[in-house]
Amino acid sequence: MALQKNLESFMSKIITTGINGLVGSKFKQLFSSQYEIINLGLDEATPTDITNLANVEAIVAQNSDAIAVVHLAAYTDVNGAFAQTDDQNGLAYQVNVLGTQNIVATARNYHKYLIAVSTAYVFDGAKETPYTETDPPRAIEWYGQTKLLAEESIISAPDLKSSILRIDQPFQNETAAKQDTLHRIITGLEANTLYPQFTDHYFGPTYLDDFAKIIDFFLRKQLTGIYHCSSGESWTDYDFARLIARKYNFDPDLVQKGSLEKYLATTNRPYQVNTALNIDKLKSVLDFDLTPIDVAIKGL
């Protein structure tokens, strides 16, 4: 017990939200021996609702020695968010906007460095090349709009030291409670139910092992501003699925070609053609190399 307390005394304390989610659980797995993590969440022994400002302030006040707040919690169901469009009482707005506003207000009041994870969905997807941090955001559906409002609440907060880390389509090799883009494709290949994959849609996969290290880097350096933190690569759904098929010893020809243009004719939900992110700004400061996607996907 004494050894455990001595070890904790050398660990930096951080306050997090969403540490048990897809992104947070990877950070917790890789860095729980380096950080004492105090998580704000409804699934904790002491439940904390981030949409309740008093709840958030109480925990932060009790942990005034924390070096930073890492805000990972988000409502990320894009289709679910679309069904809530313009509903400020819906979960998407409550968690993504109101929850972030409460985290921002508390981090500012208690002088905490804030790291907030955002998304490529703040862009309209019309650009033909990967988006840079200087490209003006223009969200075209409710999920992206709520995340953009969250970003704006961070940027506009006076005297707040903060960074916004944008990612796109996160994945890891391990299975998790929430299925990521890699495991959705594996499941479809295993059951021979994989829907046709778009050849005219582009995205930038984010390898979570690398992104966890990026969060640690920002905690160590406390840089400020907006940074794109995906792999920096651009993939079509079709090419990405064929890569996974090869890695997991499936016949790549099981992956059929699909068309986003044709799909858009069947749905009212807006859909970005391109969410790939340019990461030159990140690479100019990072102290380690990112893993290429074809290496990151371990396969069998």
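Residues numbered from 1 in each chain as written. Predicted model: local features only at pLDDT ≥ 70, side-chain atom pairs only at ≥ 80, totals over all residues. Heavy atoms only, no water.

**Here's the deal with empty space enclosed by the protein**
Logical step 1: According to the stated counting rule, one finds three cavities of 30 Å³ or more in the structure shown.
Logical step 2: Considered as a void within the structure, the largest cavity measures approximately 50 Å³ in volume.
Logical step 3: Lining of the largest cavity is provided by H71, T100, A116, V117, S118, K147, A150, E151 and I154.
Logical step 4: Secondary-structure elements contributing two or more residues to the lining of the largest cavity are β4 (113-119) and α6 (142-155). (1 Å grid on protein atoms, 1.4 Å probe; cavity = no way out; pocket = protein on both sides within 12 Å on 5 of 7 lines; lining within 4 Å. Points joined across faces, edges and corners; volume = space filled by probe spheres on them. Helix = DSSP H or I, 4+ residues; strand = E, 2+ residues; numbered from the N terminus.)

**A look at the confidence of the model for the chain**
Logical step 1: Mean pLDDT over the chain stands at 95; residues scoring 70 or higher make up 97%.
Logical step 2: Taken together, the stretch residues 3-7 has pLDDT below 50 and engages in zero contacts with residues farther than four places along the chain or on a different chain. (pLDDT = per-residue confidence, 0-100. Contact = heavy atoms within 4.5 Å.)

**Concerning the packing of aromatic side chains**
Logical step 1: Under the criterion given, the structure shown has 15 aromatic pairs.
Logical step 2: Each ring, one from Y93 and one from W142, has its centre 6.2 Å from the other, and the planes form 15°; the classification is stacked. Residue Y93 is found in helix α5 (residues 91-109), and its partner W142 is found in helix α6; the two are separated by 49 residues along the sequence. As far as the burial class goes, Y93 and W142 line up, both buried. (Phe/Tyr/Trp six-rings, centres within 6.5 Å; stacked < 30°, edge-to-face > 60°. Buried < 20%, exposed > 50% of the residue type's maximum accessible area, 1.4 Å probe, protein only.)

**Focus on the pattern of salt bridges**
Logical step 1: The tally for this structure, following the rule as stated, stands at nine salt bridges.
Logical step 2: Here E151 and R166 are joined by a salt bridge, their closest N and O atoms 2.8 Å apart. Pair noted here: E151 is in helix α6 and R166 is in strand β5 (residues 162-167), with a separation of 15 residues, a long-range link.
Logical step 3: Note on E151: relative accessible area 3%, which makes it buried.
Logical step 4: The shortest N-O distance in the salt bridge between R220 and D216 comes to 3.0 Å. Of the two residues, R220 and D216 both sit in helix α8 (residues 208-221), four residues apart, roughly one turn of that helix.
Logical step 5: Here the salt bridges do not stand alone but share partners, grouping K26, E174 and D209 into one network. (Salt bridge = Lys/Arg side-chain N within 4 Å of Asp/Glu carboxyl O.)

**So, the nonpolar core**
Logical step 1: In this structure, I15, L40, I50, I103, L114, I154 and L160 are the most contacted members of the largest nonpolar core, which totals 30 residues.
Logical step 2: For this core, the elements supplying multiple residues, two or more each, are β2 (35-40), α3 (53-62), α4 (78-82), α5, β4 and α6.
Logical step 3: Among the elements that take part in this core, α5 stands out by supplying seven residues, more than any other.
Logical step 4: In contact with L160, other than residues within four places in its own chain, are V104, A107, R108, K112, L114 and I154. (Core = buried A, V, L, I, M, F, W, Y, C linked by side-chain atoms within 4.5 Å.)

**Some thoughts on unusual backbone geometry**
Logical step 1: With a phi angle near 60°, D159 is a residue other than glycine that sits in the positive phi range.
Logical step 2: Following the sequence through the fold, D159 ends up in the loop between α6 and β5.
Logical step 3: Unusually for a residue other than glycine, N192 sits at a positive phi of about 55°.
Logical step 4: Position of N192 relative to the elements: it lies in the loop between α7 (181-191) and β7 (197-198).

**A word on the environment of A68**
Logical step 1: Tracing the chain through its elements places A68 in strand β3 (residues 68-71).
Logical step 2: Separated by 54 residues in sequence, A68 and I14 place their C-alpha atoms 5.2 Å apart.

**Concerning the environment of Q88**
Logical step 1: Within the secondary structure, Q88 sits in the loop between α4 and α5.
Logical step 2: Between the alpha carbons of Q88 and G18 there is a distance of 21 Å; along the sequence they are 70 residues apart.
Logical step 3: Non-local contacts of Q88, meaning those with residues more than four positions away in its chain, are made with Y93 and Q94.

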